Amino acid sequence: METAQFERIARDVQYLLDRRAIEDCIHSHARGHDRFDVDLLSQAYGPGGIDEHGAGAVNKGEVYGEWANTIHAAGSQMCLHNITTHNCDIDGDTAHAESYVLVGLLNPDGKTVRFINGRYVDRLERIDSAWQIALRRCTVDLLIAGDASILEMPQFKSGGYIKGTRDKSDVSYQRPLTLDAAVDRW
């Protein structure tokens, strides 16, 4: 193999590794929201990292998790952050990413739901070989209210579906995953 080919392959592999690590950081942050896992949320931010969730909600990364948990607990029983379209420009140890997010929030009444469509616009930095958020700015592009009363219907409840929890008792933390472990159900 020629040196030029090898160098091109090495650059491509490094790009793919970086891109995956950036997406993992963003996905881990979303999971941290839904499981109220302050450690996951905090680890997503680099030293001095900042999160802006509106003009009145600018937080340092190390306190963002507690702030977010308080906001989510006050306004919803459950939340799910779904990361969809992801674009990323990597330039050395800096990356700029735009990740679409669909957030579902089961309201405190358990009968209505809100869906927020927006984007996370991030500047990430590689620090000690790990990608972390240096600055996150959030958009809200669409807000939808809906009916979630089906969750209370006997036909649904009889299914015994697992219900997510906002802590490390959630089924996703079980290691090894077995059918024997206790879970919350609807």
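In what follows, the structure referred to is the one given above.
Keep in mind that what you see is a predicted model, and the values were worked out from it rather than measured. (Residues numbered from 1 in each chain as written. Predicted model: local features only at pLDDT ≥ 70, side-chain atom pairs only at ≥ 80, totals over all residues. Heavy atoms only, no water.)

J.: What am I meant to see in the overall build of the chain here?
T.: When you go through the chain residue by residue, the secondary structure sums to 4 helices and 6 strands. Across the chain, helices and strands are ordered from the amino to the carboxyl terminus as α-α-β-β-α-β-β-β-β-α. Dimensions of the chain along its principal axes, counting C-alpha atoms only, are 65 × 45 × 25 Å. When each of the 186 residues of the chain is scored for burial, the buried share is 34%. Counting only contacts in the chain whose residues sit at least 6 apart along the sequence, the fraction spanning at least 24 positions is 57%. (Helix = DSSP H or I, 4+ residues; strand = E, 2+ residues; numbered from the N terminus. Buried < 20%, exposed > 50% of the residue type's maximum accessible area, 1.4 Å probe, protein only. Contact = heavy atoms within 4.5 Å.)

J.: Whenever I open this one, the sheet that holds strand β6 (residues 130–147) confuses me. Can you help?
T.: In a beta sheet, neighbouring strands pair by backbone hydrogen bonds and run either parallel or antiparallel. If you trace the 6 strands from one edge of the open sheet to the other, you get β2-β1-β6-β5-β4-β3, paired in mixed fashion. Of all the strands in the sheet, just β2 (58–60) and β3 (78–91) have a single pairing partner and so form its edges. Neighbouring strand axes in the sheet, compared pairwise and without regard to direction, differ in orientation by 15° on average. Pairing of strand β5 (residues 112–127) with β6, which is carried by 16 bridges, proceeds in the antiparallel orientation. Looking at the pairing, Y120 lines up with C138 of β6. The strands touched by helix α1 (residues 3–35) are β1 (45–52), β3, β4 (94–106), β5 and β6; relative to β3, the strand with the most contacts, the crossing angle is about 160°. Here helix α3 (residues 61–75) sits on the sheet and contacts β1, β2, β3, β4 and β5; the angle it forms with β2, its principal contact strand, is near 130°. (Pairing = 2+ DSSP bridges. Axes fitted to C-alpha atoms, helices over the stretch in contact; angles between N-to-C directions.)

J.: Help me understand the pattern of salt bridges in this model?
T.: Side chains bearing opposite charge may pair, as long as their charged atoms lie close to each other. For the coordinates displayed, the defined rule picks out 12 salt bridges. Here E125 and R123 are joined by a salt bridge, their closest N and O atoms 3.7 Å apart. By relative accessible area, which is 28% here, E125 ends up partly exposed. Residues joined in a network through salt bridges with shared partners are D18, D93 and R126. (Salt bridge = Lys/Arg side-chain N within 4 Å of Asp/Glu carboxyl O.)

J.: Would you mind going over α1 with me for this structure?
T.: One turn of an α-helix holds 3.6 residues; hence residues three or four places apart share an orientation. Look at α1: 47 Å from first C-alpha to last across 33 residues, which is about the 48 Å you get at 1.5 Å a residue. Among the residues of α1, D18, R19, I22, E23, C25, I26, H29, A30, G32, H33, D34 and R35 are the ones counted as buried. Positive phi shows up at F36, right after α1, with a value of about 55°. (Expected span 1.5 Å × (residues − 1).)

J.: When you look at a nonpolar patch on the surface in this model, what are you seeing that I'm missing?
T.: A contiguous nonpolar surface patch, about 540 Å² in accessible area, is contributed by M1, F6, I9, V13 and L17. Its place among the elements puts M1 in the segment before α1. (Patch = residues over 30% accessible without salt bridge, like charges linked within 9 Å, V, L, I, M, F, W, Y side chains within 5 Å. Areas by Shrake-Rupley, 256 points an atom, 1.4 Å probe, with all protein chains shown as cover.)

J.: Please clarify how the nonpolar core should be interpreted in this entry.
T.: What tends to happen in soluble globular proteins is that the nonpolar side chains get buried as a cluster. In this structure, I22, I83, A95, L124 and I133 are the most contacted members of the largest nonpolar core, which totals 22 residues. Every element with two or more residues in this core is listed here: α1, α3, β3, β4, β5 and β6. Examining the composition of this core, we find that 5 residues originate from one element, β4, more than from any other. (Core = buried A, V, L, I, M, F, W, Y, C linked by side-chain atoms within 4.5 Å.)

J.: What's the story with α3 in this structure? I'm lost.
T.: Taking 1.5 Å per residue, 15 residues should reach 21 Å; α3 reaches 21 Å between its end C-alpha atoms and fits that length. Of all the positions in α3, only G61, Y64, G65, A68, N69 and H72 are classed as buried. The buried residues of α3 occupy one face: seen down the axis, they fall within an arc of 125°. Those residues of α3 that are exposed and aimed more than 90 degrees away from the buried face are E62, T70 and A74. Among the structural elements, α1, α2 (38–43), β1, β2, β3 and β4 are those in contact with the buried residues of α3. (Arc of directions from axis to C-beta.)

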